[in-house]
Amino acid sequence: AFAGTRGEEVAAVSGRLDELFVGAWKEAGIAQAERVDDARFLRRVYLDIGGTLPPPQGVRDFLRDPSPEKRARGVEVLLKSPQYGTRWGNYWNAILMGRTIESAAIDQNAFRTWLFEEFARNEPWDKIVTTLLTAEGWNTSRKPVNASTHPKDQEERYAPATNWFLKHW
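This write-up is about the structure you can find in this document. Everything numeric in this text was worked out from a predicted model, so none of it was measured. (Residues numbered from 1 in each chain as written. Predicted model: local features only at pLDDT ≥ 70, side-chain atom pairs only at ≥ 80, totals over all residues. Heavy atoms only, no water.)

**Thoughts on the overall build of the chain**
The helix and strand inventory of the chain stands at eight helices and zero strands. Along the chain, helices and strands appear, N-terminal first, in the series α-α-α-α-α-α-α-α. The buried share of the chain, reckoned over its 169 residues, is 26%. Intrachain contacts of the chain at a sequence separation of at least 6 include 56% that bridge at least 24 residues. When the accessible area of the chain is evaluated, it comes to approximately 11900 Å², of which 58% is carbon and sulfur surface. (Helix = DSSP H or I, 4+ residues; strand = E, 2+ residues; numbered from the N terminus. Buried < 20%, exposed > 50% of the residue type's maximum accessible area, 1.4 Å probe, protein only. Contact = heavy atoms within 4.5 Å. Areas by Shrake-Rupley, 256 points an atom, 1.4 Å probe, with all protein chains shown as cover.)

And the structure:
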């Protein structure tokens, strides 16, 4: 989300978000959680971002690292990992498309793959939503059984996000 942003700009945005959260928590009567130790932080961030536990060697390396920036670096590494795209692609695929598809016209695999790739590239939410709402073209790259009905522009106009429209509209 902050690609290409200078460190002080990230710190300013993070600080402002922290202020807003603390204010909202106070207003709601919620006590702020205590800061967790590095081992718990690493376990939680791995589960949340990547959907897995950290590898043993990764835990040892993280706990030995004295750097105050190790948490931020750890988050960045996870956001660039394939596990991030898979975890959040799976989550949002279930939310957007549901667990079952009752139409043979919907290419669930094409949609899921597209979503994984969007997360893997760390595409901004506004771009993903815009693509979902404005998608047009062929929903699948599967070739029809009857070659004479194969559309000439199928590859150029392949748009897997159109599967969302087929499912919900």
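There's more to say after this.
**Notes on the environment of Pro55**
The topology assignment puts Pro55 in the loop between helix H2 (38-50) and helix H3 (56-64). Along the backbone, Pro55 and Arg43 are 12 residues apart, and their C-alpha atoms lie at a distance of 9.7 Å.

**Thoughts on the packing of aromatic side chains**
Summed over the entire model, instances satisfying the criterion amount to nine aromatic pairs. Centre to centre, the rings of Tyr84 and Phe119 are 6.0 Å apart; their planes meet at 80°, and the pair counts as edge-to-face. Of this pair, Tyr84 sits in helix H5 (residues 82-97) while Phe119 sits in helix H6 (residues 108-120); the two residues are 35 residues apart in sequence, bridging distant segments of the chain. For Phe119, a relative accessible area of 5% puts it in the buried group. On the numbers, 5.5 Å between centres and 75° between planes, the contact of Trp164 with Phe165 is edge-to-face. Owing to a relative accessible area of 25%, Phe165 belongs among the partly exposed residues under this scheme. Following the ring pairs from residue to residue traces out a cluster consisting of Tyr84, Trp88, Tyr91, Trp92, Phe119 and Trp125. The aromatic ring of Phe62 is capped on one face by Lys70, whose charged end is 4.9 Å from the ring centroid. Between Arg87 and the ring centre of Trp88, over which it is positioned, the NZ or CZ distance is 4.6 Å. (Phe/Tyr/Trp six-rings, centres within 6.5 Å; stacked < 30°, edge-to-face > 60°. Lys NZ or Arg CZ within 6 Å of the ring centre and 35° of its normal.)

**A short note on helix H4 (residues 70-79)**
Inspection of H4 places Lys70, Arg71, Gly74 and Leu78 among the buried residues, and these make up the whole buried set. Seen along its axis, H4 keeps its buried residues to an arc of 100°; they face one direction. (Arc of directions from axis to C-beta.)

**Structural notes on the packing of H6 against helix H7 (residues 125-134)**
Viewed as axis vectors pointing N to C, H6 and H7 meet at an angle of 155°, and their least axial separation amounts to 11 Å. In terms of orientation, H6 lies roughly antiparallel with respect to H7. Two packed elements cross with a definite hand, and for H6 against H7 that hand is right-handed. Taken together, the residues of H7 that come into contact with H6 (itself represented by Phe111, Trp114, Glu118 and Phe119) are Trp125, Lys127, Ile128, Thr131 and Leu132. Split by residue class, the contact of H6 with H7 holds six nonpolar, one polar and two charged. (Axes fitted to C-alpha atoms, helices over the stretch in contact; angles between N-to-C directions. Parallel < 35°, antiparallel > 145°, perpendicular 65-115°, else oblique. Left-handed = near helix turned anticlockwise from the far one by under 90°. Nonpolar A, V, L, I, M, F, W, Y, C, P; charged D, E, K, R; others polar.)

**Brief notes about the pattern of salt bridges**
Scanning the entire structure with this criterion turns up nine salt bridges. The salt bridge partner of Arg71 is Asp38, with a shortest N-O separation of 3.0 Å. Taken together, the residues span a long stretch of sequence, with Arg71 in helix H4 and Asp38 in helix H2 at a distance of 33 residues. Owing to a relative accessible area of 13%, Arg71 belongs among the buried residues under this scheme. (Salt bridge = Lys/Arg side-chain N within 4 Å of Asp/Glu carboxyl O.)

Read these as layout, nothing more, since geometry by itself doesn't imply function.
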